Every structure is written in C-alpha cells, then in structure tokens.
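# Coordinates in review
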Amino acid sequence: MPHCDSVEGKYRGSSLDEDETGETVVSEKRNKDTEVRATEQFREDLNAMIRAQVTDLTVDELEAVQSLPSGAALLVVRRGPDLGARFLLDQDSTVAGRHPAADIFLDDVTVSRKHAEFKRRGTVFSVLDRGSLNGTYCNGERIDGEVVLEDGVEVQVGKFRFTFFASRFDLPGSF
C-alpha cells in the first residue's frame, strides 16, 4: 500500500487499509469499552427520539392524554390493526390478548390468548409478557420479565404497536 504522511497525520490512532476493491479506507482502532459506550449512547438517543415522536397525536388523542387523571395511563394503537384505537389503563392489572374475556381484546392470530399484562403500582406502570409465543416488545426489544413503562415508549403485542402515555400529572417535573 502506498505511504502518505499527510493522510496518516490526519488520522492519528487509525490505520489505513485496502478494502476488497483495492480502495484505501481508514480503520479506527477502538477498544471494546468505546464500542459498548457508543452502543449505549445510540440506544439512549434512539429511545429519546422514539419518545419525542409523541407529537404526532391527533387533537382528540392529545385531549384524551391531557385529561388523564393521576394514576391512569393510555395506550394508543400507532401501527397495525385498529389504528388509532385507545385503551385506558386504570386498574392495577390489565390483560391484553386474543381471548374474548381479556381486558384489552386484540383480535389477531399474532396475539396469544393472554399475551401481556399491564400492571399499575401507584402511578408507575409496567408490562409483563405472559408466556406468549411471539413475545412482547418495548421500543423494539423483546422483554424478559417485567419492564417499567416510561411516557412515550412503544409497546408491541403481536402486530399491534401501542404508544404508552402516562397521566400528565404523574410525569417528573409536573405539579
């Protein structure tokens, strides 16, 4: 490979290599800690971006979220069947599934009979997969065990993708 002092000086801590086409590429030398920190930062940034997408609510949905009393929450279907449907979480336990007796009835073959359970403890909500075949996801990651829900998080049950909205009274920094 040809030697070039000006390029090497510009990319200190990097190495120059050739890719499979013979083009010169710069490869940064990284240790595993740097990559882990970068991945964690990316995940945090992605989650913040997902939470920021709550501004695409309709006027009716925005009014419904703003009128939630303390200790209540709302799930809004953002993707999948029944787009725009809203489900109030105002009990200590709410089961979502394909069973007709489920608190949140989701009529789709991708949903198990008792797929997921939403739990309320005071003003804190969480979701728990109830052993479903397809799993339950929060912000695109399959959950294992109980996961506390934050305002704006996406919860997926089968083909249904919900956005979780806590009462405005229960958010940090609210009166």
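Data block above holds the structure.
Residues numbered from 1 in each chain as written. Predicted model: local features only at pLDDT ≥ 70, side-chain atom pairs only at ≥ 80, totals over all residues. Heavy atoms only, no water.

Here aspartate 82, not a glycine, exhibits a phi torsion of approximately 60°, which is positive. Note on placement: aspartate 82 falls in the loop between strand S3 (73-79) and strand S4 (86-89). Backbone geometry at asparagine 139 places phi at a positive 50°, although glycine is not the residue there. Inspection of the secondary structure assignment puts asparagine 139 in the loop between strand S9 (136-138) and strand S10 (141-142). (Helix = DSSP H or I, 4+ residues; strand = E, 2+ residues; numbered from the N terminus.)

So, on to the pairing of strand S8 (residues 124-129). The side chains of a regular strand alternate between both faces of the sheet. Burial analysis of S8 places five of its six residues in the buried class, which makes it a mostly covered element. Pairing geometry for strand S7 (residues 116-121) and S8, over six bridges, is antiparallel. Residue pairing in the sheet places arginine 121 in a bridge with valine 124 of S8. The hairpin turn running from S7 into S8, its antiparallel successor, is two residues long, and glycine 122 in that turn takes a positive phi close to 70°. In terms of strand pairing, S8 meets strand S11 (residues 146-148) through three bridges, oriented antiparallel. Paired with valine 127 across the strands is valine 147, a residue of S11. (Buried < 20%, exposed > 50% of the residue type's maximum accessible area, 1.4 Å probe, protein only. Pairing = 2+ DSSP bridges.)

Turning our attention to the sheet that holds S10. In space, the six strands of this open sheet follow the order S4-S3-S13-S12-S9-S10, with antiparallel pairing throughout. At either margin of the open sheet sits one strand with a lone partner, and together these are S4 and S10. As paired elements, S3 and strand S13 (residues 160-166) share six bridges and run antiparallel to each other. Looking across to S13, one finds that leucine 74 is bridged to phenylalanine 165. The sheet contacts of helix H3 (residues 59-66) involve S3, S4 and S13, and relative to S3 the element is tilted by about 155°. (Contact = heavy atoms within 4.5 Å. Axes fitted to C-alpha atoms, helices over the stretch in contact; angles between N-to-C directions.)

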